[in-house]
Amino acid sequence: MAESVNQHIKPFNTKRNSKGNLEISGCDTVKLAQTYGTPLYVMDEVTLRKIANEYKNAFSSYEKVNLMFASKALMTGAIAQILHSEGFGFDVVSGGEIYTLLNAGIDLKYAAFNGNNKTYDEIENALKNNIGHVSVDNFYEISLLNSIAQKLGKKQKILLRITPGIECHTHEYIQTGHLDSKFGFDLTQTDEAVRKIQNECKNLEITGLHAHIGSQIFETKVYYDEIGVLMKELKRLNDTFNLNLYEINIGGGLGITYIEDDCPPSVDKIAGVILTSIKDNCEKYNIEPPALYIEPGRSIVGTAGVTLYTIGSSKQVPNGRKYIAVDGGMADNPRPSMYGALYSAEIANNKEDMPLQTVTVAGRFCESGDILIKNIELNSPQSGDILCVYNTGAYGYSMSSNYNRVLKPAMVLVNNSQSDIIVKRETYEQLTQNDVLVREKVR
Ligand SMILES: *Cc1c(COP(=O)(O)O)cnc(C)c1O
């Protein structure tokens, strides 16, 4: 099987240039840091389009496939436009993600609305803009959605989000398919949900089932099993309620290579397992192949992204660790402090001949837990060096905050020796624009 993008740590065209500096798609990262400042998110368009095409090719034999990018991994107007140009639709979970799509000129018919507590306003706006599907998560939402659809005079296509009861071996917080999860209907509740929709909800049309089993997944069997659960339930509900459910959405979750030890399956491999499971279950239950929706997030944008930082201070603990501090940290990438996530990095400027030192990369934020990478070997890091942290495209910018009132970094897109700003660096004016100052007290 061919290697895929998600099995690499670095973006596709990463190398040392004639100056010895790290270069991505023809752009010198040291120059990027000088031009745009640090911290800087860099997205490589070549890698992004390459993985998008890997997904398209891997599923090309299955006519009824719909690739939906899970927006929460990284949502900006430019990223949405690029993925849409590659034929992707979008899994959205908020009014903000919906607004970003509309703002980028993307029709909401290519989007599916997920989440366990969508608000009235978000649902109303989604329906007004003719969203493709809504994934209904719970009983409360069935009634809410129906009343909004009724008010707008619409018949809304819905999928029922179910909890398939599949455990996958990933971090507890990013595991979602196990039974004790906040997402979706338990399989013992689907009858009641369908009955409620059939009897009370004239403005809802249930077309299929949705599940998502977790994130940063390296196993393939969990997908085979998940599809088995979805198709068995599809068949059972169709028979019991005389329905014609014809769609399954299997969620996302394919893992990527953050460090050498990570070994996620290739996109081809995972696609093979998914399509085999569909085929086997169609035979087993004697049903037509369903329309298939898949929602990868991390594996689409993760590898294409790196973050550039400038190294500032350092601290040698007597008889202990050496810390080097960078000008970013948990506000631009909360994953290490939140999940203990691991990353690879190297010095971007020409230092490959300098001796390796084991150091711990600390962030600049006021939390002892703000450590980006523990015990990594770097070529004699010192103040002024540019550090390139790999695989930050997913869940970095999208989870970023203004903690310590630090400004959110800019993001540039690189391709063919050209770099373009796709998210501007925040300014202090923007940071304080919603502050309302107290009036002076009248004594
Ligand atoms: C988070 C999520 C995804 C994407 O997960 P990745 O691990 O980023 O691929 C897809 N679908 C749903 C419903 C999700 O919650």
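Since the structure is predicted, the reported quantities are computational estimates derived from the model, not experimental observations. (Residues numbered from 1 in each chain as written. Predicted model: local features only at pLDDT ≥ 70, side-chain atom pairs only at ≥ 80, totals over all residues. Heavy atoms only, no water.)

1. As for the packing of aromatic side chains
In step 1: The tally for this structure, following the rule as stated, stands at five aromatic pairs.
In step 2: Taken together, a centroid distance of 5.0 Å and an interplanar angle of 85 degrees make the contact between F139 and F185 edge-to-face. Taken together, the residues F139 in helix α6 (residues 139–152) and F185 in the loop between β9 (156–161) and α7 (190–200) connect sequence positions 46 residues apart.
In step 3: F185 sits in the buried class, given a relative accessible area of 1%. (Phe/Tyr/Trp six-rings, centres within 6.5 Å; stacked < 30°, edge-to-face > 60°. Helix = DSSP H or I, 4+ residues; strand = E, 2+ residues; numbered from the N terminus. Buried < 20%, exposed > 50% of the residue type's maximum accessible area, 1.4 Å probe, protein only.)

2. Some details on the pairing of strand β10 (residues 204–210)
Note on strand geometry: in a regular strand, side chains alternate between the two faces of the sheet.
In step 1: When you tally the buried positions in β10, you get six out of seven residues, the bulk of the element.
In step 2: Two strands pair when backbone bridges link them, and β9 and β10 are joined in this way by six bridges, in the parallel orientation. Looking at β10, one finds that K157 is bridged to E205.
In step 3: Regarding topology, helix α8 (residues 221–241) serves as the crossover connection from β10 to the parallel strand β11 (residues 247–249), and that connection is right-handed. (Pairing = 2+ DSSP bridges. Right-handed = clockwise from strand over helix to strand, strands pointing away.)

3. Description of the packing of α6 against α7
Two quantities define a packed helix pair, namely the angle between the helix axes and the distance between the axes.
In step 1: Put simply, α6 and α7 touch, their axes get as near as 10 Å, and they point 20 degrees apart. Viewed along their axes, α6 and α7 adopt a mutual orientation that is roughly parallel. Relative to α7, α6 is oriented so that their crossing is right-handed. Contacts between α6 and α7 involve F139, I142, S143 and N146 from the first element and E192, A193, K196, I197 and E200 from the second.
In step 2: For the contact of α6 with α7, a count of residues per class yields four nonpolar, two polar and three charged. (Axes fitted to C-alpha atoms, helices over the stretch in contact; angles between N-to-C directions. Parallel < 35°, antiparallel > 145°, perpendicular 65-115°, else oblique. Left-handed = near helix turned anticlockwise from the far one by under 90°. Contact = heavy atoms within 4.5 Å. Nonpolar A, V, L, I, M, F, W, Y, C, P; charged D, E, K, R; others polar.)

4. Overview of the nonpolar core
For soluble globular proteins, nonpolar side chains are generally found buried alongside one another.
In step 1: Judged by nonpolar contacts, the single largest core of 86 residues is most densely connected at Y55, F59, I131, L292 and V301.
In step 2: A per-element tally of this core places α8 first, with eight residues.
In step 3: In contact with L292, other than residues within four places in its own chain, are F59, Y62, K64, V65, N66, I248, I250, I274, L275 and I278.
In step 4: By size, the runner-up hydrophobic cluster in this structure holds 19 residues, among which are A345, I347, V359 and L372. (Core = buried A, V, L, I, M, F, W, Y, C linked by side-chain atoms within 4.5 Å.)

5. Re unusual backbone geometry
In step 1: In the segment running from T38 into P39, the intervening peptide bond is cis, with an omega of -5 degrees.
In step 2: As for its placement among the helices and strands, P39 is situated in the loop between α1 (29–36) and β4 (40–44).
In step 3: Of note in the backbone geometry, N404 takes a positive phi value of approximately 60 degrees without being a glycine.
In step 4: By the secondary structure assignment, N404 is in the loop between β18 (386–390) and β19 (410–415).

6. Some remarks on the site of the ligand
In step 1: Inspection of the region around the ligand gives 15 residues, with K72, S215, E295, R298 and Y395 positioned closest.
In step 2: With respect to the ligand, the side chain of K72 contributes an N or O atom lying 2.6 Å from an oxygen atom.
In step 3: Between S215 and the ligand, the recorded distance is 2.3 Å, taken from a side-chain N or O atom to an oxygen atom.
In step 4: Within the complex, 95% of the 390 Å² of free accessible area of the ligand lies under protein.
In step 5: In the shell around the ligand, the residues fall into three nonpolar, seven polar and five charged. (Near = heavy atom within 4 Å. Polar contact = N/O pair within 3.5 Å; in protein donor to acceptor, adjacent residues only side chain to side chain. Areas by Shrake-Rupley, 256 points an atom, 1.4 Å probe, with all protein chains shown as cover.)

7. Notes on the layout of surface pockets
In step 1: What the second largest pocket holds in volume is close to 430 Å³.
In step 2: If you trace the second largest pocket, you find 22 residues lining it, with I259, Y343, S344, I373 and I376 closest to the centre.
In step 3: Where the lining of the second largest pocket is concerned, the elements lending two or more residues are β15 (345–347) and β17 (371–379).
In step 4: Residue contributions to the lining of the second largest pocket peak at seven residues, all from β17.
In step 5: Here the lining of the second largest pocket is built from residues that sort into twelve nonpolar, five polar and five charged. (1 Å grid on protein atoms, 1.4 Å probe; cavity = no way out; pocket = protein on both sides within 12 Å on 5 of 7 lines; lining within 4 Å. Points joined across faces, edges and corners; volume = space filled by probe spheres on them.)

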